[in-house]
Structures are given as structure tokens and as C-alpha cells.
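Chain by chain, the residues run as shown.
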Amino acid sequence: MQLPNTFSELKEIFINADPPVLSGLEGEYLVDMLTIFPSFKRFSHRKVIYKEKGLMQGHNLLLGKKWGYFMLEEDVCSVPDQKDVAVINYNIKVNSVIIRGIRDQIRCVNRDKLYIGRFNYMLSGRLIFLGYFSLEKVGAG
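Keep in mind that what you see is a predicted model, and the values were worked out from it rather than measured.

1. Side note on the pairing of strand β8 (residues 126–137)
Sheet analysis places strand β1 (residues 27–33) next to β8, joined by 5 bridges and oriented antiparallel. By the bridge assignment, Met-33 is partnered in β8 with Phe-133. Inspection of the sheet shows strand β7 (residues 114–123) paired to β8 by 10 bridges, in the antiparallel sense. Within the sheet, the bridge partner assigned to Tyr-121 lies in β8 and is Ile-128. The hairpin turn running from β7 into β8, its antiparallel successor, is 2 residues long, and Ser-124 in that turn takes a positive phi close to 50°.

2. Comments concerning the sheet that holds strand β4 (residues 65–77)
The 8 strands are arranged β1-β2-β3-β4-β5-β6-β7-β8 in a closed barrel whose pairing can be described as antiparallel. Neighbouring strand axes in the sheet, compared pairwise and without regard to direction, differ in orientation by 35° on average. Pairing of strand β3 (residues 55–62) with β4 involves 5 bridges; the strand directions are antiparallel. Paired with Leu-62 across the bridge in β4 is Lys-65. Packing of helix α1 (residues 7–16) onto the sheet brings it into contact with β4, β5 (83–89), β6 (103–110), β7 and β8, and relative to β8 it is tilted by some 75°.

3. Here we look at the nonpolar core
One finds Leu-25, Ile-49, Leu-72, Ile-88, Ile-106, Phe-133 and Leu-135 to be the most contacted residues of the largest nonpolar core, which totals 20 residues. With 3 residues, β1 is the single largest residue contributor to this core. Not counting the four nearest positions on each side in its chain, Leu-25 is found in contact with Pro-20, Ile-49, Leu-72, Ala-86, Ile-106 and Tyr-115. Core analysis: the second largest hydrophobic core is formed by 12 residues, Ile-13, Phe-14, Val-85 and Tyr-132 among them.

About the cut-offs
Residues numbered from 1 in each chain as written. Predicted model: local features only at pLDDT ≥ 70, side-chain atom pairs only at ≥ 80, totals over all residues. Heavy atoms only, no water. Pairing = 2+ DSSP bridges. Helix = DSSP H or I, 4+ residues; strand = E, 2+ residues; numbered from the N terminus. Axes fitted to C-alpha atoms, helices over the stretch in contact; angles between N-to-C directions. Contact = heavy atoms within 4.5 Å. Core = buried A, V, L, I, M, F, W, Y, C linked by side-chain atoms within 4.5 Å. Buried < 20%, exposed > 50% of the residue type's maximum accessible area, 1.4 Å probe, protein only.

Below you can see the structure in the form of C-alpha cells.
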């Protein structure tokens, strides 16, 4: 499924998408930045999500290198719609101070295949929205 690239259309898709089930997110996902930031999709930017020690966690892959480790949490997205989301939280010691501020919020467009996310950054206790991205499960057909 090709997602649009305008903020208004992506906002509508995000609002209408379902909350993801954390345990159902295990796997590898191709990341595509849909707004503002250049997409690294052509460089095979991926998120790898797995369960370890009872927690859902993961890391990014770019050009075969691991970076940006994260944990997954359930939360409520206060903007734009007060709906449940999965949060990809980068606030982990192994990450640089700059990376630790990233808080992605994701919702499910097509279960086990496609998710839409809001790329956010925590700055001085405030969550700043920076753009939308998609996660497409590798090998989901």
C-alpha cells in the first residue's frame, strides 16, 4: 500500500489506524520517512523488533550497521486524537544523548504488514512532532 505524502492525509490515516499489539510487532521493518526528512529507504533503513527478557525492544539498521536502540511501550497519543499507540522509546543509556530524545508513536494500518508513525522528539519535557514515517514488514507480501 502506497501512503500519501501530505500532512493532512497522513494525519487522517494515523487517526483512523488501529493501535498495534506490542507482541505482534516482532520482526524486521523497512522504514520510509514520508514527510520533511529524507528517506533512507533506498539504503535499506530498517527497524528490527524482538522480545528479550520479557520486554519488546529493538534497534535500527542502516547500511548494515546497528544504531538507535529502543524499547516499545504502550501509551496514549494526546495529539491529534487521544488514541492508544505503541511508543518506540530511544531513552536508553547505550544511545547518545541526542538519540535518547526520540519518541516514535505508531499505529497499525494493515496488521502484520504496515504501520504509520509519528516521529517526535522530547525537548525540555515537551514532545515535538517532526513528521510521519511508515514501517513495512519485510517479507509480509
